[in-house]
Amino acid sequence: MKKIIALLLALVMVLAMAACAPSNQGETTKAPEGTDGTTQGSQGGSDLKVSVFWYDESDAYLSTVRSALNAELDKLGVQHDDQFAGNNQSTQTDQIRTAVTGGSNLLVVNVVTSGSPDVAEEILKIAGDIPVIFFNRAIGTEGKDVPVLEAHSNACFIGTDAPEAGHLQGQMIGNYLKEHYDEVDVNGDGVISYALFKGDESNIEAIYRTQYAVEDANKVLAEAGKKPLQYFDPNSASGYQVDLNGQWSAQAAKDYMDTNFITYNEAAGNMIELVICNNDGMAQGAIASLQAQNYNLPGKHVVPVFGVDAIDAAIQLIADGAMTGTVKQDAEGMAAAIAGTVASLKEGKTPVEALAAQKDDRFSVATDCTSKLYVAYAPYTGE
C-alpha cells in the first residue's frame, strides 16, 4: 500500500510541474538564416507567409527599401523572407516556383526582366490564386503592363511613374546650367559636353531617365537662348554608356570615366563638362573617377554630376560639394506602400482595394489603371 501511495504522490508532483511550466505560445520567434540566397524574417501570429523576391542584392537604393520593408513586415507580425536572384530571371522564376510549393501565400516581386509582360504572365501563372505585388521594376513598357494587371485580379504594381524621374532630372540640370553656364563650359566653346551613364538597356526607368534628362534640359537651355547639350563622343550612335551587366553599378561608371579621360580631357580641349547618371550608384563611380583626376574636390573645379535615388551616400556627396543634384526616390515610402498593401490583403481586401486604402500624400493610384500605385519622386539639391 505504501508503494502505491508513493507512486500516486510522484504522479501528482509531475502533473503539477507541467501545469506550472512556462508556455511559448504567442511568442514572436526569429527564424534562422536560410540557404540559396534566402534569409528568414520574423514570424508572428499570422498565417500569412510573404516571400519577397529581389532582382539583385547589390542595388544601393533597394537595400534601403529592403531594410525599411523588413521592419514594416516585422511590425505586422507576418512571416517573411528575402530571396535574391543575382540579376537572373530564370533563377528568380525558380525561386518563385519553390516558394509557392513551400507554402508562401503572398508574393512581393522585384522582377529581374523589367518591362516584360511575358515574364509577369509567367510569374502570375505560377502564383495561381496567390496575390502578387510587383514593385519598383516595371512589368511592361508604354502601357503594356495595364492589360496584364487588369487580366489578373490578384495582381498589382507599386512603383513610380517612370518618366517623372527623367523629367525632374532634366529640369534640374537645365536650371542649374542656366545659372552656371560659363563656369561649367570649361573650354569656353559655348556648348556643354556631357557624358551619360545608363543602368540597364531594357529597364523602363533607365530608358525614360536617359531620354528626358537630356530632352528636358535642352528645353530649358533653349528658352534661355543657350545651345543644346552635346554628347562628348561624336562617334557614339547611342549618346550614352550602359552598364553591360544591368546592375547600375558605381564600378561600371568609374571604369567608363577612367577610359574617357584618356582621350577627353581638359588639356585636349574636349573635357567632359557634365555627367548625367541614371542612379546615384553610377554617380558615385563617376565622382570617384573625377576626384582621381583632381576634380570635384574642395577648392577644385566641380564637374556637375546628377543622379537619381537620393541615397545617403549621394546626400553626403552633395553636402560635400562633390555632387550637384539627384532625384529622390522615396525608399521608405516604397516600403510603407508595400507594407500597407500587405496589411490590407491580410484583412481580406483585394489588391485594388488594398491600393485604394493607402492614405498617404506620397502615394497616388495611377490614372490609367487602378491596380498601380505610384510613389512620388522629388528633386534634391541639398538646399
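Residues numbered from 1 in each chain as written. Predicted model: local features only at pLDDT ≥ 70, side-chain atom pairs only at ≥ 80, totals over all residues. Heavy atoms only, no water.

1. What about the overall build of the protein chain?
The helix and strand inventory of the protein chain stands at 12 helices and 17 strands. Here the protein chain holds 383 residues, and the buried ones make up 52% of them. Within the protein chain, contacts between residues at least 6 apart in sequence are counted, and of these 71% link residues at least 24 apart. A total accessible area of about 17,500 Å² is found for the protein chain, and carbon and sulfur atoms account for 51% of it. (Helix = DSSP H or I, 4+ residues; strand = E, 2+ residues; numbered from the N terminus. Buried < 20%, exposed > 50% of the residue type's maximum accessible area, 1.4 Å probe, protein only. Contact = heavy atoms within 4.5 Å. Areas by Shrake-Rupley, 256 points an atom, 1.4 Å probe, with all protein chains shown as cover.)

2. Thoughts on the pattern of salt bridges
A complete count under the given rule lists 10 salt bridges for this structure. For Asp330, the salt bridge identified is with Arg362, shortest N-O distance 3.5 Å. Residue Asp330 is found in the loop between β14 (326-329) and α11 (331-346), and its partner Arg362 is found in the loop between α12 (351-356) and β15 (363-365); the two are separated by 32 residues along the sequence. Judged by relative accessible area, Asp330 falls into the buried class, the value being 9%. Linked by salt bridges that have partners in common, Asp145, Asp368 and Lys372 make up one network. (Salt bridge = Lys/Arg side-chain N within 4 Å of Asp/Glu carboxyl O.)

3. A short note on the pairing of strand β4 (residues 49-54)
Counted residue by residue, β4 has five buried out of six residues, so it is predominantly covered. With six bridges joining them, β4 and strand β5 (residues 79-84) adopt parallel strand pairing. Note that in β5 the partner of Val52 across the bridge is Asp82. In this view, the connection linking β4 to its parallel neighbour β5 by way of helix α2 (residues 60-76) has right-handed handedness. Where β4 lies against strand β6 (residues 106-109), four bridges are found, and the strand directions are parallel. Across the sheet, Val52 pairs through a bridge with Val108, a residue of β6. (Pairing = 2+ DSSP bridges. Right-handed = clockwise from strand over helix to strand, strands pointing away.)

4. Overview of the packing of helix α8 (residues 250-263) against helix α9 (residues 280-292)
The interhelical angle for the contact between α8 and α9, taken along N-to-C directions, is 35°, at an axis separation of 7 Å. You can see that α8 and α9 cross each other, and the crossing is right-handed. Listed contacts from α9 to Ala250, Ala253, Lys254, Met257, Asp258 and Phe261 of α8 are Gly281, Met282, Gln284, Gly285, Ala286, Ala288, Ser289 and Leu290. (Axes fitted to C-alpha atoms, helices over the stretch in contact; angles between N-to-C directions. Left-handed = near helix turned anticlockwise from the far one by under 90°.)

5. Quick notes on unusual backbone geometry
Unlike most non-glycine residues, Trp248 shows phi in positive territory, near 55°. A relative accessible area of 8% places Trp248 in the buried class.

6. Some remarks on the side chain of Asn278
One can find Asn278 in the loop between β12 (274-277) and α9. Judged by its relative accessible area of 0%, Asn278 falls in the buried class. Side-chain polar atoms of Asn278 contact the side chain of Thr210, separated by 3.4 Å. Once residues within four sequence positions are removed from consideration, Asn278 is found in contact with Leu196, Phe197, Lys198, Gly199, Ala206, Arg209, Thr210, Trp248 and Val308. (Polar contact = N/O pair within 3.5 Å; in protein donor to acceptor, adjacent residues only side chain to side chain.)

7. Concerning the pairing of β12
Every second residue of β12 is oriented toward a common face, with Leu274 and Ile276 on one face and Val275 and Cys277 on the other, all of them buried. Pairing between strand β9 (residues 193-198) and β12: four bridges, direction parallel. Note on β12: the bridge partner recorded for Ala195 is Val275. Strand direction decides the pairing type here: β12 and strand β13 (residues 305-306), joined by two bridges, are parallel. Among the inter-strand pairings, Ile276 is bridged to a residue of β13, identified as Phe306. Each parallel crossover has a hand, and for β12 linked through α9 to β13 it is right-handed.

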